[in-house]
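# Architecture and fold: a report
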Amino acid sequence: MKNFSDLIEEVQNPGLCQRCGGCVAFCTALNYGGLSLDEEGKPYFKYPEKCIECGLCYSICPETHELDDDVKKLVGWEPPMGRVLDTFVARSTSPAILQRATDGGVVTALLLHLFDKGHIDGAIVTKESGLFQRKPWVASSREEIMAAAGFHFDSSHGLALFSELYSTYSPTVVKVGYMGAKRMDRVAFVGSPCQVSAIRRIQALGMEPSNAITFVFGLFCTGNFIFGDEERRRLEKIGGFQWADVVKINVKEEFMVHLRTNEVRRIPTEQLAFMKRHACHFCSDYSAEYADFSFGGLGSPEGWTTVITRTPLGRAVMTDAIGSAVEVYSHKLDPTLATDAFAKTREWSDRKKQAAETNRLARKTTA
Ligand SMILES: Cc1cc2nc3c(=O)[nH]c(=O)nc-3n(C[C@H](O)[C@H](O)[C@H](O)COP(=O)(O)OP(=O)(O)OC[C@H]3O[C@@H](n4cnc5c(N)ncnc54)[C@H](O)[C@@H]3O)c2cc1C
Ligand code: SF4
Ligand code: SF4
Ligand code: SF4
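A short tour of the structure in this document, coming up. (Residues numbered from 1 in each chain as written. Chains lettered and ligands numbered in written order. Predicted model: local features only at pLDDT ≥ 70, side-chain atom pairs only at ≥ 80, totals over all residues. Heavy atoms only, no water.)

## Points about the overall build of the protein
Rule in force here: Secondary structure is summarised from DSSP: a helix means a run of H or I of at least four residues, a strand means a run of E of at least two, and numbering begins at the N terminus for each. Categorising residues by exposure relies on relative accessible area from a 1.4 Å probe, with only protein chains included: less than 20% of the type maximum marks a residue as buried, more than 50% marks it as exposed, and the intermediate range marks it as partly exposed. Residues count as neighbours in contact if any of their non-hydrogen atoms are within 4.5 Å of one another. Per-residue and other accessible areas follow the Shrake-Rupley method at a 1.4 Å probe size, with only the shown protein chains counted as cover for residues.
Secondary structure summary: the protein contains twelve helices and 15 strands in total. Counting all 367 residues of the protein, 52% fall into the buried class. Contacts in the protein between residues far apart in sequence, at least 24 positions, make up 69% of those at least 6 positions apart. For the protein, the accessible area works out to roughly 16300 Å², and carbon and sulfur atoms hold 51% of it.

The structure is reproduced here in structure tokens:
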């Protein structure tokens, strides 16, 4: 039976570990406690002596592809980019959410809608934990869900913190391992495509506490970024801004840096390869193909979110929220906006798959 040592050899050493945290979440949830994450989010054998060689961390790793067919069956996946029921361009009806949100605040609006209606006890989200740093968090109140909205840049901590290494990545899946202790039975999960994939793999195995994850929210993703001192300086130069003036970061067609002056500096994502996490170069999922619904800013006007519903559950939640928690962009104002947003998402999805294939081939030929 293959175990974590094989993951180190086959996935970590070649640089393919997406740091989704699935292996750690699983080992923790089963109370084996052999694995942990280091400061950069990389899983490691913390207590090798606790490993019973159950092999489950190996099975659930997205890079071993052992559970691909089970996961596809579980969510009714269809080519080329997962099941698509509807596409909406939407936003929250709450001014408070809109003010905080990354795009149209639909993720937060739907989480609160589910919470207020008693469908969830909480949500696994990420919250700001420093200047430009987020950490995974189990939010169990309205205030906590609200506090997780957006993608802000809090420079109030002062520039002294700039000597640290920052990452836009937040290992939310690991929180699943600790959910049992929180005694939550119905929890929504928000994460990047690789994290959604890890959640679905845990669910495909039908193991506790993954059945408590009742709604899976996926975020579009071109990649996560790691900033050291050098990368930050380089980014300032490319974008023509100073970090002290930054209030918000967003990623759509471009990496968008929002400044205090209300100006937005746009940097093509291709120019950011130098700070992209290594594994992201080999990732083929742009639109969170295994989620109940997927969310991104791509294709939507500023302040709106593109929403793709993928499962009957996702569709039911969205339909129920429209007209109360969420409003949809007026069809009269732009009858083709949602269709165009979907076409753009399909284009970016194809592009990401092609790039991943090219990079994997190049890796094989140079190995
Ligand atoms: C690293 C990253 C890259 C992205 N890349 C793209 C892209 O290329 N194209 C695109 O169209 N959209 C991208 N998105 C999605 C986009 O930024 C918005 O999250 C999405 O449009 C939803 O916006 P909203 O206003 O509805 O969400 P909000 O209501 O603001 O809620 C955002 C939710 O995202 C969660 N979150 C924030 N940061 C992270 C993180 N690092 N990891 C996991 N969860 C997080 C928060 O906990 C919150 O629940 C990316 C998001 C992230 C985090
Ligand atoms: S106990 Fe199982 S899940 Fe944990 S490290 Fe060992 S093989 Fe992996
Ligand atoms: S399960 Fe995720 S974090 Fe663990 S080795 Fe595989 S890709 Fe890396
Ligand atoms: S590109 Fe996004 S989904 Fe893919 S491995 Fe990187 S963070 Fe995960």
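## Details of unusual backbone geometry
With an omega of 5°, the peptide bond between Pro-79 and Pro-80 qualifies as cis. Along the polypeptide, Pro-80 turns up in the loop between α4 (68-75) and β3 (86-92). Look at Arg-19: it is not a glycine, yet its phi comes out positive at around 60°. Turning to its location among the elements, Arg-19 is positioned in the loop between α1 (4-12) and α2 (22-29). Even without a glycine there, the phi angle at His-65 is positive, about 60°. Along the polypeptide, His-65 turns up in the loop between α3 (56-60) and α4.

## What about the pattern of salt bridges?
Side-chain pairs of opposite charge can arise whenever the charged atoms involved come near each other. Heads up, the rule is: We define a salt bridge as a contact between a side-chain nitrogen of Lys or Arg and a carboxyl oxygen of Asp or Glu at a distance within 4 Å.
Across all of its chains, the model carries 17 salt bridges by this definition. Between Asp-320 and Lys-117 there is a salt bridge, with its nearest N and O atoms 3.2 Å apart. On the criterion of sequence distance, the pair formed by Asp-320 in helix α11 (residues 312-321) and Lys-117 in the loop between α6 (106-116) and β4 (122-130) is long-range, its members being 203 residues apart. Residue classification places Lys-117 among the partly exposed residues on the basis of a relative accessible area of 46%.

## Digging into the sheet that holds strand β11 (residues 254-259)
The criterion, for reference: Each pair of strands is called paired provided DSSP finds at least two bridges between the two strands. Only the stretch in contact is used when a helix axis is fitted, and all axes are lines through C-alpha atoms; the angle between N-to-C directions ranges over 0 to 180 degrees.
The strand order across the open sheet built from three strands is β10-β11-β12, with neighbouring strands paired in antiparallel fashion. The sheet is open, and its two borders are formed by β10 (246-251) and β12 (264-268), each paired with just one other strand. When strand polarity is set aside, the average angle formed by the axes of neighbouring strands in this sheet is 20°.

Such coordinate-based values are descriptive only and should not be taken to indicate function.
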